Amino acid sequence: MKAVVYHGQLDVRVEDIAVPVCAEGGLLVKVEACAVCGSDMKAYLSGNPRMKPPIVVGHEFSGVVVEARAEGFEVGGRVVMATSVSCGECAYCRRGWNNICANIRPMGFGYDGGMAEYVAIPELALRNGHVINVPAHVDPVHACLAEPVSCAVNACENSQVAEGDTVLVMGAGPMGILNALVARQYGASRIILSEVNPSRLAQGAAFGFNRLVNPAEEDLEAVVKGMTGGYGADVAIVAAPAAAPQEQALGLVRRRGTVCLFASLPHDKRMITVDSRLLHYGELRVVGTSDSTPSHVRRAVEILGGASFPAGKIVTHQLPLDGFNGAIELMKSGEALRVVLRNI
C-alpha cells in the first residue's frame, strides 16, 4: 500500500509498504481521508523525539472497516478515533481522563497512523473505547475533523461554556476557529475572535462571529469590555501559541470567569508572567486543555453530523495521499485552514 512515512526532520516520504495485519481484538480500516495537523507539520519541520522512525504519520483520519476482529464493529462501517491511545490502567485512566494517560501512545506517534491506504487499529484502542462509529450521512472528509473538533469540545467543557455566554477566542488559526465554532454549539451567544495576522482574521470572517478584532490595530480590552457592559468575557480560550495573549487573557474575563490555555508554548519560551491580583480578587479559573477523550470524540461526531456546523469551510484544500509536501506548503503560507489527504 501507499503510505506517508516519517524518517526524521525534513524527511517524510511517500512509500510502498506492506498492508498492516489486523490483530486479534483489533480492526483493519481502509482510510478515506486524513487531515494534516499542525503537529504533523511541526514534526516534519523540527523533528519529534516521540516519533521513532520509520513510522506512518497521521492521526486525524476517517475510514471504513474492512476487517473486524472486535465486537461492536461491522465491515463496511465508518469509524474515527480518539487517537491518543490510553493504557486503561493508570491513575488517570481509572478516573476517565484518558487524554492525560501516563502511558499514552498516539496514532502516528506510538502506532502507525492514518496517512496510508490502510491503518491497523490495535486491540488496546478498542478495549479502552477509542474507536467511534460514524453515521453514514457524514462526509468522510468532514468525519476526519472529529479529532480536532473533539479537542475544542474538551476546551469548551473544561471551560464550562454555557448558554448565553460571551466567549473570547484569541488566535484565528484552524484550532482557534474550531474552538469558536464549538463554543457556539455549546450555546455561546456572543463570540469575539482576535488575531494579529490580517489574513487569518479575514479567514475568520467567513464564519459569522459577532466581532473580529486585530489587537495590533484596536484595543482588545476596550472591545471586550464594551460588548459586555464593562464586565469582560465569561470565557477566554487562548488558541494562539504565544505568551502575550495568555498573560493578557486574565484581564479580559469577568470576575469568576475562566481562562483556558488551549495552545501550548514552545519549549524554550514556555514561561509567562501572571498578575496574581487578577486571579485573587477576580476569583478566576485558569485551566489547561490537552487532547481529548473518547467521550469528547463522540460529541464531536454528533456536532459534525449536524446541519449547522460548517465543516466544509474548515476543509479548505483536498489533495491526494502523495500530496503531503504540498499540504505543508499550504499550511506554512497560512492559506489553508485544514488540508485533507484523500485516498482516491
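The structure presented is a predicted model; accordingly, all values stated were derived computationally and were not measured.

Trainee: Give me helix α5 (residues 146-158): which residues, what numbers.
Mentor: Note: α-helices contain 3.6 residues per turn, so residues at a spacing of three or four share the same orientation. Given a rise of 1.5 Å per residue, 13 residues ought to cover 18 Å, and the 18 Å separating the end C-alpha atoms of α5 matches this to within 8%. The element α5 is extensively covered by neighbouring structure, given that 11 of its 13 residues are classed as buried. Among the residues of α5, those classed as buried are Ala146, Glu147, Pro148, Val149, Ser150, Cys151, Ala152, Val153, Asn154, Ala155 and Cys156. One or two residues past the end of α5 sits Gln160, with phi positive at roughly 60°.

Trainee: So, the sheet that holds strand β13 (residues 211-213): which residues are in play, and what are the values?
Mentor: Think of a sheet as strands paired side by side through backbone hydrogen bonds, with each pair either parallel or antiparallel. Read from one edge to the other, the open sheet built from 6 strands follows the order β13-β12-β11-β14-β15-β16, with strand pairing classed as parallel. Each of the sheet's edge strands pairs with one partner strand only, and the pair in question is β13 and β16 (285-288). Pairs of neighbouring strands in the sheet enclose a mean axial angle of 15°, with direction left out of account. With 5 bridges joining them, strand β11 (residues 166-170) and strand β12 (residues 190-194) adopt parallel strand pairing. Opposite Thr166, over in β12, you have Arg190 as the bridge partner. Taken strand by strand, helix α6 (residues 174-185) contacts β11, β12 and β14 (233-238), and its axis lies near 175° from that of β12.

Trainee: Residue-level account of empty space enclosed by the protein, with values.
Mentor: Under the criterion given, the structure shown has 1 cavity of 30 Å³ or more. Here the largest cavity is characterised by a volume of approximately 30 Å³. The biggest single contributor to the lining of the largest cavity is helix α1 (residues 38-46), with 3 residues. Looking at the lining of the largest cavity residue by residue, the classes come out as 7 nonpolar, no polar and 1 charged.

Trainee: Residue-level account of the pairing of strand β5 (residues 60-68), with values.
Mentor: When strand β3 (residues 27-36) meets β5, the two strands line up antiparallel, connected through 8 bridges. Bridging from a neighbouring strand, Val31 pairs with Gly63 of β5. The sheet contact formed by β5 and strand β6 (residues 78-81) spans 2 bridges and is antiparallel. Among the inter-strand pairings, Gly63 is bridged to a residue of β6, identified as Val79.

Trainee: Could you give an account of the packing of aromatic side chains, naming the residues involved and the relevant values?
Mentor: One pass over the full model with this rule turns up 3 aromatic pairs. Consider the rings of Tyr44 and Phe324, whose centres lie 5.9 Å apart with planes at 80°: the pair is edge-to-face. Within this pair, whereas Tyr44 is found in helix α1, its partner Phe324 is found in helix α13 (residues 324-333), the two being separated by 280 residues in sequence. The residues Tyr44 and Phe324 share a single accessibility class, namely buried. With a centroid separation of 6.1 Å and an interplanar angle of 20°, the aromatic rings of Phe207 and Phe209 are classed as stacked. A single burial state applies to Phe207 and to Phe209, both of which are buried. Arg105 extends its terminal NZ or CZ atom over the ring of Tyr111, reaching a point 3.9 Å from the ring centre. Across the ring face of Tyr186, the terminal group of Arg299 is positioned such that the distance to the ring centre comes to 5.3 Å.

Trainee: So what's going on with the packing of α5 against helix α11 (residues 294-304)? Residues and values would help.
Mentor: Helix packing for two helices is described by the angle between their axes and how far apart those axes are. One way to put it is that α5 packs onto α11 with a least axis distance of 8 Å and a crossing angle of 110°. In terms of orientation, α5 lies roughly perpendicular with respect to α11. In the packing of α5 onto α11, the handedness of the crossing is right-handed. Across the interface between the two elements, Ala146, Val149, Ser150, Val153, Asn154 and Glu157 of α5 pack against His296, Val297, Arg299, Ala300, Val301, Ile303 and Leu304 of α11.

Rules and cut-offs
Residues numbered from 1 in each chain as written. Predicted model: local features only at pLDDT ≥ 70, side-chain atom pairs only at ≥ 80, totals over all residues. Heavy atoms only, no water. Helix = DSSP H or I, 4+ residues; strand = E, 2+ residues; numbered from the N terminus. Expected span 1.5 Å × (residues − 1). Buried < 20%, exposed > 50% of the residue type's maximum accessible area, 1.4 Å probe, protein only. Pairing = 2+ DSSP bridges. Axes fitted to C-alpha atoms, helices over the stretch in contact; angles between N-to-C directions. Contact = heavy atoms within 4.5 Å. 1 Å grid on protein atoms, 1.4 Å probe; cavity = no way out; pocket = protein on both sides within 12 Å on 5 of 7 lines; lining within 4 Å. Points joined across faces, edges and corners; volume = space filled by probe spheres on them. Nonpolar A, V, L, I, M, F, W, Y, C, P; charged D, E, K, R; others polar. Phe/Tyr/Trp six-rings, centres within 6.5 Å; stacked < 30°, edge-to-face > 60°. Lys NZ or Arg CZ within 6 Å of the ring centre and 35° of its normal. Parallel < 35°, antiparallel > 145°, perpendicular 65-115°, else oblique. Left-handed = near helix turned anticlockwise from the far one by under 90°.

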